[in-house]
Amino acid sequence: MKHQDLDQQEILNILLETEQKLQESEDELGYLKSIIEYTEDAIMSIGLDGTILSWNPGAENIYGYTSIEAVGNSVTMLIPPYNTGELSLILAWIKSGEKVTHYETLHKCKDGSLADISLSVSPIKDANGKVVSASSIARDITDDKKMELKIQESEEKFREVFNNANDAIFLQTIQSDGNPGKFTEINDVACQRLGYCREELLQIGSEDIESDQNHQISSFMNTIQSEGTATFESIQVTKDGTHIPVEINSHIFNLRGRR
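Now for a look at the structure at hand.

Cut-offs and rules
- Residues numbered from 1 in each chain as written.
- Predicted model: local features only at pLDDT ≥ 70, side-chain atom pairs only at ≥ 80, totals over all residues.
- Heavy atoms only, no water.
- Helix = DSSP H or I, 4+ residues; strand = E, 2+ residues; numbered from the N terminus.
- Buried < 20%, exposed > 50% of the residue type's maximum accessible area, 1.4 Å probe, protein only.
- Contact = heavy atoms within 4.5 Å.
- Areas by Shrake-Rupley, 256 points an atom, 1.4 Å probe, with all protein chains shown as cover.
- Salt bridge = Lys/Arg side-chain N within 4 Å of Asp/Glu carboxyl O.
- Arc of directions from axis to C-beta.
- 1 Å grid on protein atoms, 1.4 Å probe; cavity = no way out; pocket = protein on both sides within 12 Å on 5 of 7 lines; lining within 4 Å.
- Points joined across faces, edges and corners; volume = space filled by probe spheres on them.
- Nonpolar A, V, L, I, M, F, W, Y, C, P; charged D, E, K, R; others polar.
- Phe/Tyr/Trp six-rings, centres within 6.5 Å; stacked < 30°, edge-to-face > 60°.
- Pairing = 2+ DSSP bridges.
- Axes fitted to C-alpha atoms, helices over the stretch in contact; angles between N-to-C directions.

1. Some points on the overall build of the protein chain
And step 1. For the protein chain, the helix and strand inventory stands at 8 helices and 9 strands.
And step 2. A burial count over the protein chain gives 31% of its 259 residues as buried.
And step 3. By sequence separation, contacts in the protein chain at least 24 residues apart represent 36% of the contacts at least 6 residues apart.
And step 4. Working note: accessible area of the protein chain is about 17,100 Å², and carbon and sulfur atoms make up 50% of it.

This is the structure:
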């Protein structure tokens, strides 16, 4: 049908519909632009030869380079010398149409410092489905890595003290009925004194190593729960049946929301 075959109202309706679609496209583009402009992540587009084609404010904040300094240069400016083979690997994946998600690496900033980066890269295809470039989102996880390191160091210190204590140490959760559950952690001394391996002890609880004639733990649970701590004497039974008199110092603490 030709436009001259349409009446004025039909032409007006087509124009209005076209204008509406254009407006929707502009709104969507504006929304996407807003995301790119205000996100804290570094978002850039990269040519298949590694040339930086676009650079958002997030990239400037993370790396320290302005858009003028970055666009047109090779993305190798962000890669430490000892890690340059990484770019060839990622570009090979992109050229084959594959995505790279949450790839953790180190990138070099303008001031020479290194940033821990979680990298996601996706291929950009033309109308014919041919890969023509790539979009990259880099998230700075330096603070997360520092926190992980602190937690790891804390756990290592705890483990060192835990396993080198002279006393047997048992950790166990408190069940909904108020009684202690199975052991969740034990130290080396506990294994040595009771004759069990670690895996065996983690399958049982206090009542399994307590003498039948001496149910001290159960009777002291009310005191432990009301006061948070208790000290009492009991008799533990080793794997081979030997009875060992012990003094138990017990206290309650919260670990990941559990008592």
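2. Section: the pattern of salt bridges
And step 1. On inspection of all chains with the given rule, the structure shows 7 salt bridges.
And step 2. Between K110 and E69 there is a salt bridge; the shortest N-O distance is 2.7 Å. With a gap of 41 residues between them, K110 in the loop between β3 (100–108) and β4 (114–125) and E69 in helix α3 (residues 67–70) connect regions that are remote in the sequence.
And step 3. Note that E104 is salt-bridged to K145, the shortest N-O span being 2.7 Å. Highlighted residues: E104 in strand β3 and K145 in helix α5 (residues 142–164), separated in sequence by 41 residues.
And step 4. Residue K145 is classed as partly exposed on the basis of its relative accessible area, which comes to 25%.

3. Structural notes on helix α4 (residues 85–95)
And step 1. Taken as a whole, α4 has its buried residues at E86, L87, I90, L91 and I94. The buried side chains of α4 occupy one side of the element, clustering within an arc of 125° when seen end-on. Projecting away from the buried face of α4 at angles above 90 degrees are the exposed residues S88 and K95.
And step 2. For α4, the secondary structure elements touched by its buried residues are β1 (42–47), β3, β4 and β5 (131–140).
And step 3. Note on α4: the residue one or two positions beyond its end, G97, has a positive phi of about 90°.

4. Focus: the layout of surface pockets
And step 1. As a volume, the largest pocket reaches approximately 1,500 Å³.
And step 2. Lining the largest pocket are 41 residues, with I169, F170, L171, Q172 and F253 positioned closest to its centre.
And step 3. When residues of the lining of the largest pocket are traced back to their parent elements, those giving at least two are α5, β6 (170–174), β7 (180–186), α6 (188–194), α8 (216–227), β8 (229–237) and β9 (243–251).
And step 4. When residues in the lining of the largest pocket are grouped by element, the largest group, 7 residues, is from β9.
And step 5. Taken together, the residues of the lining of the largest pocket break down into 22 nonpolar, 9 polar and 10 charged.

5. Quick notes on the packing of aromatic side chains
And step 1. If you walk through the whole model with that rule in mind, you get 4 aromatic pairs.
And step 2. Plain terms: the ring middles of W93 and Y103 are 6.5 Å apart, the flat faces sit at 75° to each other, and that makes the pair edge-to-face. With a gap of 10 residues between them, W93 in helix α4 and Y103 in strand β3 connect regions that are remote in the sequence.
And step 3. Y103 gets classed as partly exposed once you look at its relative accessible area, which sits at 24%.

6. Some points on the sheet that holds β5
And step 1. With respect to topology, 5 strands assemble into an open sheet ordered β2-β1-β5-β4-β3, the strand pairing being antiparallel. Strand pairing shows two members of the sheet lacking a second neighbour, β2 (52–55) and β3, which therefore form its edges. Each strand of the sheet is rotated relative to its neighbour by a mean of 30°, with strand direction disregarded.
And step 2. Sheet analysis places β4 next to β5, joined by 9 bridges and oriented antiparallel. By the bridge assignment for β5, P123 is matched with A134.

7. So, empty space enclosed by the protein
And step 1. On inspection of all chains with the given rule, the structure shows 1 cavity of 30 Å³ or more.
And step 2. Here the largest cavity is characterised by a volume of approximately 150 Å³.
And step 3. Considering the residues around the largest cavity, the lining is formed by 16 residues, among which I46, V75, L87, I90 and L119 are closest to the centre.
And step 4. Of all the elements in the fold, those that place two or more residues in the lining of the largest cavity are β1, α4, β4 and β5.
And step 5. In terms of residue count, α4 provides more of the lining of the largest cavity than any other element does, 5 residues in total.
And step 6. Across the lining of the largest cavity, the residue classes tally to 13 nonpolar, 2 polar and 1 charged.

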